[in-house]
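# Working through the structure, step by step
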Amino acid sequence: QVQLVESGGGLVQAGDSLRLSCAASGRLFSFVTMGWFRQAPGKEREFVCTITWSGMADYADSVKGRVTISRDNAKNTVYLQMDSLKFEDTAVYYCAAGRPGASRAPGAYAYWGQGTQVTVSS
């Protein structure tokens, strides 16, 4: 069982940076793939990025070059550094945990946090 708690969301201006954190509980943290997803009003939940237990990252084209995912297995925490934020980045951001090798599909992730709101003003 893995429990996830996101933090760090807020209201920022376009061009600003924001760092989200996801604290995980559960002894299996080091062995799971962690992902960040987001959902804007009226839209489906979409993949943002993911990181394997060994640190290999994958990014959606819409955020590549502006977003960095990292993890600290000793602290059971995964981070999402977002730079050069755009209005279209506005969404609720969710942290998720899946089995090793989990894909970009939300269905591949068994555990989800409650989400944290990111609002970017233009």
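Right, let's walk through the structure included here. (Residues numbered from 1 in each chain as written. Predicted model: local features only at pLDDT ≥ 70, side-chain atom pairs only at ≥ 80, totals over all residues. Heavy atoms only, no water.)

Moving on, we come to the layout of surface pockets. If you add up the space inside the largest pocket, you get close to 170 Å³. Looking at the largest pocket, the residues that line it are Q1, V2, L28, F31, V32, A97, G98, R99, P100, A110 and Y111. Looking at the lining of the largest pocket, the elements with two or more residues in it are β9 (91–98) and β10 (109–112). For the lining of the largest pocket, a count of residues per class yields eight nonpolar, two polar and one charged. (1 Å grid on protein atoms, 1.4 Å probe; cavity = no way out; pocket = protein on both sides within 12 Å on 5 of 7 lines; lining within 4 Å. Points joined across faces, edges and corners; volume = space filled by probe spheres on them. Helix = DSSP H or I, 4+ residues; strand = E, 2+ residues; numbered from the N terminus. Nonpolar A, V, L, I, M, F, W, Y, C, P; charged D, E, K, R; others polar.)

This part covers the pattern of salt bridges. Opposite charge on two side chains lets them pair, provided their charged atoms get close. What the rule picks out here adds up to five salt bridges. Between D61 and K64 there is a salt bridge, and its shortest N-O distance comes to 3.4 Å. According to the relative accessible area criterion, D61 is exposed, its value standing at 64%. With a closest N to O distance of 2.7 Å, R66 and D89 form a salt bridge. Residue R66 is found in the loop between β6 (57–59) and β7 (67–72), and its partner D89 is found in the loop between β8 (77–82) and β9; the two are separated by 23 residues along the sequence. The exposure classification of R66 matches that of D89, with both residues buried. One salt-bridge network, held together by shared partners, links R38, E46, R66 and D89. (Salt bridge = Lys/Arg side-chain N within 4 Å of Asp/Glu carboxyl O. Buried < 20%, exposed > 50% of the residue type's maximum accessible area, 1.4 Å probe, protein only.)

Moving on to the side chain of T33. Mapped onto the elements, T33 comes out in strand β4 (residues 33–39). At 3.4 Å, the side chain of T33 and the backbone oxygen of R99 are in polar contact. Non-local contacts of T33, meaning those with residues more than four positions away in its chain, are made with T50, I51, T52, R71, A96, A97, G98, R99, P100, G101, A102 and Y109. (Polar contact = N/O pair within 3.5 Å; in protein donor to acceptor, adjacent residues only side chain to side chain. Contact = heavy atoms within 4.5 Å.)

With that settled, the discussion passes to the sheet that holds β8. Pairing is antiparallel across the open sheet formed by four strands, whose spatial order is β1-β3-β8-β7. Across the chains shown, the open sheet's two edge strands, defined by having one partner strand only, are β1 (3–7) and β7. Pairwise comparison of adjacent strand axes, ignoring direction, gives a mean angle of 15° for this sheet. Note that strand β3 (residues 18–25) and β8 share six bridges and pair antiparallel. Bridge pairing in β8 links A23 to T77. (Pairing = 2+ DSSP bridges. Axes fitted to C-alpha atoms, helices over the stretch in contact; angles between N-to-C directions.)

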